[in-house]
Structure formats: structure tokens, C-alpha cells
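# Observations on the model geometry
What follows is each chain in one-letter form.
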Amino acid sequence: MSFQPALRLAAALAGVALLGGCNMLMTQAPLFTKADEAGAPGLRPGVWAQDSTDKCQVDASQPLVSWPSCANGFVVMSDGALGAYNTKDGKPVWTVSPFVMAAGEPRIIQVRLTGEDLPPQAPFAYAALRPTKTDAQGRITAVTSWAVLCGAPPPTTAKNPDGQQRYGALHPLAGLTMDSDNNDCTTTSPAVARLAAEESRAWTPPESVNADHWVREGDH
């Protein structure tokens, strides 16, 4: 699905844990604007990657299009957008998604989803982000991040009234409304989104907390 790169970026700035988009906060209208970034450092523009592991090695000097998918490479563009390659019909397709990274603790990144086959609660998805490193100019060069969730994930035995498995929270946080499929949630309140961002960390297992870092200048 062509919206997956934007979901990766929103959920983890490149993490793969939320490709299904389940139990995530998503909205039809933006909760934050560029004004909400005021007074807080931004991400350093350039090529970024998920922290490497023994199972995924990448030569970061090579063009992004040639990186293995496990590296989850992406570009922070200087005009307030994130870029990543998506595979469609076996070919790489460059996808650009505008974003806002609201100030606060934790920071909240709001990414506008782009592409076809968007879920009904698109086009904005959200993740919480905590800077872990900055450069000499104060720009953020490393982060950890996790998805903004609707509430505690349901047990695997949870069912919807129609008997289908339920993927969204059984008890969403106050101010969040589940969608018709009980998979994701929405709100019109930035304050509710901030609370959900804080609470979501406790519901996120270690393997779904993503770590990403700046690797070099460049736009591909």
C-alpha cells in the first residue's frame, strides 16, 4: 500500500512496527501547525536511518534507493517534509510527506499521509518523539520514537460485535473516539493527543520503540 512509508515515518520516523496502522491515532484534519514548533529545535536535514543491528548492515554512503529495506532510510527535507522510497509493482517510488513536529515533552510528529489506498481516518498520523542527541547548532541528530496509541492494546482474544478480531483499544483514553472498525481512533483536541503521546510509551514494548539517527547530508 502506498501510504506505508508515511505511516512508518509517523510511527517511528522509519520504524516498521506500525505498518498495519492498528490502535493508532489518526485524524482527518491536522491537530498541529508550524506555529506549534516555535521555540523547539528541529531535525537536522539530510539522510536518516534506523539504528543498525547485526541483522541489518548498510553502506550509508550509497544512494538511499539502494539501501536494504531493513535500514528504513528516509530523508528529512529542509522544507518541512519527509521523503522515503516505497516499492510499487516491484519498483521504487519516491514519496514525500509534509510533517509538523510540535514542541513539548514528548515532542509529537504529525505526518500527512500521501498516496493511494489511505485508511478512512487519514490523512494525518502521529508519533511521540524524544531527542537523544543534537549537533553543535542545536539541531536534533538522533531520536527515539513510538506511535501515539488509542489506549492499551487489546488482548489477542478481543472480538468486535461481528466476531472479527479487534485491534483497537478496548478502553480508549478520554477524548479519543474509535473508528467504525474499532481499529484506530481520532480526536480534534491537541491536548488529548499530547496525553495519548505520554501514555503510549508505557504500552509500547521495547522492540517497538524505534531509534533513528542522522547519517549524512543529502536528499536521496
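Coordinates for the structure precede this section.
About the cut-offs
- Residues numbered from 1 in each chain as written.
- Predicted model: local features only at pLDDT ≥ 70, side-chain atom pairs only at ≥ 80, totals over all residues.
- Heavy atoms only, no water.
- Helix = DSSP H or I, 4+ residues; strand = E, 2+ residues; numbered from the N terminus.
- Buried < 20%, exposed > 50% of the residue type's maximum accessible area, 1.4 Å probe, protein only.
- Contact = heavy atoms within 4.5 Å.
- Phe/Tyr/Trp six-rings, centres within 6.5 Å; stacked < 30°, edge-to-face > 60°.
- Lys NZ or Arg CZ within 6 Å of the ring centre and 35° of its normal.

The next subject is the environment of Gly 73. Positionally, Gly 73 belongs in the loop between β2 (46-50) and β3 (74-77). Accessibility expressed as a relative area gives 17% for Gly 73, which makes it buried. Sequence separation between Gly 73 and Trp 48 is 25 residues; the distance between their C-alpha atoms is 5.7 Å. Contacts of Gly 73, omitting those with residues within four sequence positions, involve Trp 48, Ala 49, Leu 64, Trp 67 and Ala 84.

This paragraph deals with the packing of aromatic side chains. Applying the stated rule across the entire model yields three aromatic pairs. Here the aromatic rings of Trp 48 and Phe 74 are separated by 6.1 Å at their centres, their planes lie at 25°, and the arrangement is stacked. Of this pair, Trp 48 sits in strand β2 while Phe 74 is found in strand β3, placing the two residues 26 residues apart along the sequence. Phe 74 carries the same exposure label as Trp 48, and that label is buried. The ring of Phe 99 has Lys 34 lying over it, and the distance from NZ or CZ to the ring centre is 5.2 Å.

Attention now goes to the environment of Ala 152. Considering the arrangement of structural elements, one finds Ala 152 in the loop between β8 (140-147) and β9 (177-178). On the basis of relative accessible area, Ala 152 is assigned to the partly exposed category, the value being 33%. In this structure, the C-alpha to C-alpha distance between Ala 152 and Asn 23, residues 129 residues apart in sequence, is 8.6 Å. If near-sequence neighbours (up to four positions away) are discounted, Ala 152 is found in contact with Asn 23, Ala 169, Leu 170 and Trp 203.

On their own, these measurements won't tell you what the molecule is for.
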